[in-house]
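Chain by chain, the residues:
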Amino acid sequence: MTDRNLLYLLILLLGLMATPAWAERPLVVTSTHPLALIVKEVAAEQADVQALVPADVSPHHYSMRPSERRSLAEADRIYWLGAGLEPFLQGTMSDSTLSGKARTLVGEPQGQSENDEHGHHGTGEDPHVWLSPERALAMAERARETLDQLDGVDRQAIERNHRRFEDRLHETEERIRAQLDPLQMITLFTYHDAFHYFADHFGLTIAGTLTSNPERSPSARHIAGLQQSLEEARFPCIMTETQLGGDWWRGLDVPQPLAVSRWDPIGGDTPVEVGGYTAFLESLAEAVSRCRPEQPSKDK
Ligand SMILES: [Zn+2]
């Protein structure tokens, strides 16, 4: 065995020896990846946080695998958005072996919401609530109140983490505002109705959406309306998504040259770590910035 191999072996052994200390941290499982990003901001070093739905799978097309069911059983705490926003987990969460651990990060919607027309689900509320910085703050608050009840968690550290997240989120919002304010003339066209919270928060316009519900196909009339909006737009930008839709706009008669940018509503590429949620918001702002009209198209 070479010296180098010996060194690797030593590092491996040290790693294995260090594992028990790690394993003592509480395990927190969240329904989706973006919720893991939010909860991790508050939990930081106090807990391991992982998402149930894999980061490359849209929650719209999710069915649970046995290994994922096991991770729920092993969790010390489970966070989800509640049956109204995450109906695909309703059955699982009412399982009596899990109900003691499950906590809802946002309340059930109260009656008719202002986002009524955007909803995928019966409650009428747009389920992509993590894309609203205000809602993310409310979720972080809820995480702060409930994480400190877990065994082995340092309450003061949780408080500190939470404050730090609030500060960083506000700074990030200001930065994004400065970045996006000059881009208000762009009109966005999206595949599915996922981005209203983000767009509304930062004053962006979504002029058309292929489908309000990715589980259903749009009607011919809807597509004609979308086509019309595209023709009327001064600076249209087609937004594609990482998990769903692919080149959804290919069937449309689109203006040339066409600005196309991709965004990821669940932040699948963003690791679950402190700073993850704000990095995710920045990635969405970046996606919009890529549609900047004065950007020379010759360099692609
Ligand atoms: Zn969606």
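Description of the structure in this document. Remember, it's a predicted structure, so these values are computed and weren't measured experimentally.

1. What to know about the overall build of the protein chain
And step 1. Along the protein chain, the regular secondary structure elements total ten helices and eight strands.
And step 2. With 300 residues in all, the protein chain has 49% of them scored as buried.
And step 3. Expressed as a percentage of contacts within the protein chain between residues at least 6 apart in sequence, the contacts between residues at least 24 apart total 63%.
And step 4. Total accessible area on the protein chain is roughly 15,000 Å²; 50% of this is exposed by carbon and sulfur atoms.

2. Considering the sheet that holds strand 2 (residues 48-51)
And step 1. In spatial order, the strands read 2-1-3-4; together these four strands make up an open sheet with parallel pairing. The strands lining the two open edges of the sheet, one partner per strand, are strand 2 and strand 4 (102-104). Going across the sheet, the axis of each strand differs from the next one's by a mean of 25°, ignoring polarity.
And step 2. Sheet analysis places strand 3 (residues 77-80) next to strand 4, joined by three bridges and oriented parallel.

3. Focus on the coordination of the zinc ion
And step 1. Here the zinc ion is held by H60 (NE2), H128 (NE2) and H192 (NE2), and the distances to it run 1.9 to 2.0 Å.
And step 2. Donor residues for the zinc ion, ordered by position in the chain, follow H-x67-H-x63-H. In this pair, H60 is assigned in the loop between strand 2 and helix 3 (66-74) and H192 in strand 5 (residues 186-192), connecting sequence segments 132 residues apart.
And step 3. Taking the relative accessible area as the measure of exposure, H192 reaches 2% and is therefore buried.

4. Focus on the state of the cysteines
And step 1. Applying the stated rule across the entire model yields one disulfide.
And step 2. C237 shares a disulfide with C291; S-S distance 1.6 Å. Taken as a pair, C237 in strand 7 (residues 235-241) and C291 in the segment after helix 10 (276-289) lie far apart in primary sequence, 54 residues in all.
And step 3. When its relative accessible area of 0% is taken as the criterion, C237 is described as buried.
And step 4. What makes C291 buried here is its relative accessible area of 5%.

5. Points about the sheet that holds strand 6 (residues 205-211)
And step 1. Pairing is parallel across the open sheet formed by four strands, whose spatial order is 6-5-7-8. Only two strands of the sheet have a single neighbouring strand rather than two, namely strand 6 and strand 8 (259-263). Strand-to-strand twist across the sheet, computed as the mean angle between neighbouring axes with direction ignored, equals 30°.
And step 2. Alignment of strand 7 against strand 8, held across five bridges, turns out to be parallel.

6. Considerations on the pattern of salt bridges
And step 1. Within the structure shown, the criterion is met by eight salt bridges.
And step 2. Residue E41 pairs with R168 through a salt bridge whose shortest N-O separation is 2.9 Å. Of this pair, E41 sits in helix 2 (residues 33-43) while R168 is found in helix 7 (residues 155-180), placing the two residues 127 residues apart along the sequence.
And step 3. For E41, a relative accessible area of 0% puts it in the buried group.
And step 4. A residue is classified by how much of its surface remains accessible, and R168, at 21% relative accessible area, is partly exposed.
And step 5. Residues R250 and D247 are paired through a salt bridge, measuring 3.3 Å at the closest nitrogen-oxygen approach.
And step 6. Each of E141, R144 and E159 takes part in a single network of salt bridges with overlapping partners.

Reading guide: rules and limits
Residues numbered from 1 in each chain as written. Predicted model: local features only at pLDDT ≥ 70, side-chain atom pairs only at ≥ 80, totals over all residues. Heavy atoms only, no water. Helix = DSSP H or I, 4+ residues; strand = E, 2+ residues; numbered from the N terminus. Buried < 20%, exposed > 50% of the residue type's maximum accessible area, 1.4 Å probe, protein only. Contact = heavy atoms within 4.5 Å. Areas by Shrake-Rupley, 256 points an atom, 1.4 Å probe, with all protein chains shown as cover. Pairing = 2+ DSSP bridges. Axes fitted to C-alpha atoms, helices over the stretch in contact; angles between N-to-C directions. Donors = N, O, S within 2.8 Å, 3.2 Å for Na, K, Ca; no water. Disulfide = S-S within 2.5 Å. Salt bridge = Lys/Arg side-chain N within 4 Å of Asp/Glu carboxyl O.

Purely geometric numbers; function is a separate question.
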